[in-house]
Amino acid sequence: MTAARASETARKYPFQVRGSLQTMLVLRVTDVDDPEFVPHLVDKIAHSPDFFRDAPLVIDVGAIASTEPVDLRKFAEELRRHRLVPVGIQNGSEAWNDEARKADLAVFGAGGPAKQEERPLAPKEANSRPAKKGAARFIKDPIRGGQQIIVHDGDLVVLSTVGHGAELAATGHIHVYGHLRGRAFAGIDGDESAMIFCDRMDAQLVSIAGIHLVNEEIDPEMMNKRVRIVCDGERLQILAQD
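Predicted model, so just to flag it, every value in this text is computed and none were measured.

Undergrad: I would appreciate a short explanation of the overall build of the chain in the present structure.
TA: Helix and strand content of the chain: six helices and 15 strands. Looking at the chain residue by residue over its 242 residues, the buried ones come to 41%. Counting only contacts in the chain whose residues sit at least 6 apart along the sequence, the fraction spanning at least 24 positions is 42%. Surface exposure of the chain reaches about 13800 Å², of which carbon and sulfur atoms provide 50%.

Okay, structure coming up:
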């Protein structure tokens, strides 16, 4: 190591750059010119205002990437009017990516839901195909608000309660043998066959392969019940378990 490199290594910077997994919404746009686009979005936000307020948002333009890009700066301003915070786009063509840069939006790599020509798994198929990839990670202690547990290659099994404000994320299934009050993200790499199991359902949010339900959208009949959550095409299905 040269003296200059050693000096640079020893220097204390007033910041740190770290990787992090944050909860981020994806707005998958299929028809940006639909006159009902904004009214429908406002209605969606109204159902769960606390969840959407000031939430970072990625705009997925994969479904319309072959069309001419719209004015993304204007589109982003419209989203901000409704307390959403667009941070970038994904699945865009070069033209869309250039438009994003002009609008001071980040350009994310490919991601999000499967392409339209790929057929989503039906619940019966999903149940017959395990999502597990690596060894499951077991957590014995309660997960408290503000804690975040991530499993990048397998299932996550929590043998206690998950508090309000806590987050669980796994590429495979999530099992909670206790009260689930926080947020659970299964199939984070896009695996729609992943499932979420919990002994007592009261989650702030549940998500499989990016498709989510917030607390206000969950059937009250399923609350505080033992349930299994599966991905059924473009929606989640919550099934009571005996």
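Undergrad: So what exactly am I meant to see when it comes to helix α2 (residues 37-47) here?
TA: What sets the pattern is the α-helix's 3.6 residues per turn: residues three or four places apart point alike. Restricting attention to buried positions, one finds in α2 the residues F37, L41 and I45. Viewed end-on, α2 has its buried residues packed into an arc of 60°, placing them on one side of the element. What points out from α2, more than 90 degrees from its buried face, is the exposed set H40 and A46. Looking at the buried residues of α2, the elements they touch are β1 (25-28), α3 (49-52), α4 (72-81) and β3 (84-90).

Undergrad: Can you walk me through the sheet that holds strand β10 (residues 183-186) in this structure?
TA: The strands making up a sheet associate through backbone hydrogen bonding, with each pair oriented either parallel or antiparallel. Pairing in this open sheet of five strands is mixed, and the strands run β6-β8-β10-β12-β13 from one edge to the other. The open sheet has two free edges, formed respectively by β6 (148-151) and β13 (211-214), since each of these has just one partner strand. The average angle at which neighbouring strand axes cross in this sheet is 5°, direction not considered. Note: β10 against strand β12 (residues 205-208), four bridges, orientation parallel. Pairing of A186 across the sheet is with I208, part of β12.

Undergrad: Got a minute to help me understand the packing of aromatic side chains in this structure?
TA: The relative placement of two aromatic rings is captured by the distance of their centres and the angle of their planes. Tallying each qualifying case throughout the model produces two aromatic pairs. Look at Y13 and F15: their rings are 5.6 Å apart centre to centre, the planes differ by 45°, and that puts the pair in the tilted class. Look at Y13 and you get partly exposed, because its relative accessible area is 40%.

Undergrad: Help me understand the pattern of salt bridges, please; the structure alone is not making it clear to me.
TA: Oppositely charged side chains can form a pair if their charged atoms are brought close together. Inspection of every chain in the model, using the stated rule, returns ten salt bridges. Here R73 ties to D104 by a salt bridge, and the two come within 3.4 Å at their closest N and O atoms. Pair noted here: R73 is in helix α4 and D104 is in the loop between α5 (94-102) and β4 (106-107), with a separation of 31 residues, a long-range link. Look at the salt bridges and you will find they share partners, linking E94, D98 and R101 into a network.

Undergrad: Hey, could you run me through the sheet that holds strand β5 (residues 137-139) in this one?
TA: Spatially, the six strands line up as an open sheet ordered β5-β7-β9-β11-β14-β15, and their pairing is mixed. Edge positions in the open sheet fall to β5 and β15 (235-240), since each of these has one partner strand only. For this sheet, the mean angle separating the axes of adjacent strands, direction not counted, is 25°.

Undergrad: Just checking my understanding: could you explain the pairing of β13 for this structure?
TA: Consecutive side chains of a regular strand alternate in pointing toward one face of the sheet and then the other. Across four bridges, the pairing between β12 and β13 is antiparallel. When the bridges of β13 are listed, S207 appears paired with H212. Here β12 folds back onto β13 in antiparallel fashion, the turn holding two residues, of which A209 has a positive phi close to 55°.

Calculation rules
Residues numbered from 1 in each chain as written. Predicted model: local features only at pLDDT ≥ 70, side-chain atom pairs only at ≥ 80, totals over all residues. Heavy atoms only, no water. Helix = DSSP H or I, 4+ residues; strand = E, 2+ residues; numbered from the N terminus. Buried < 20%, exposed > 50% of the residue type's maximum accessible area, 1.4 Å probe, protein only. Contact = heavy atoms within 4.5 Å. Areas by Shrake-Rupley, 256 points an atom, 1.4 Å probe, with all protein chains shown as cover. Arc of directions from axis to C-beta. Pairing = 2+ DSSP bridges. Axes fitted to C-alpha atoms, helices over the stretch in contact; angles between N-to-C directions. Phe/Tyr/Trp six-rings, centres within 6.5 Å; stacked < 30°, edge-to-face > 60°. Salt bridge = Lys/Arg side-chain N within 4 Å of Asp/Glu carboxyl O.

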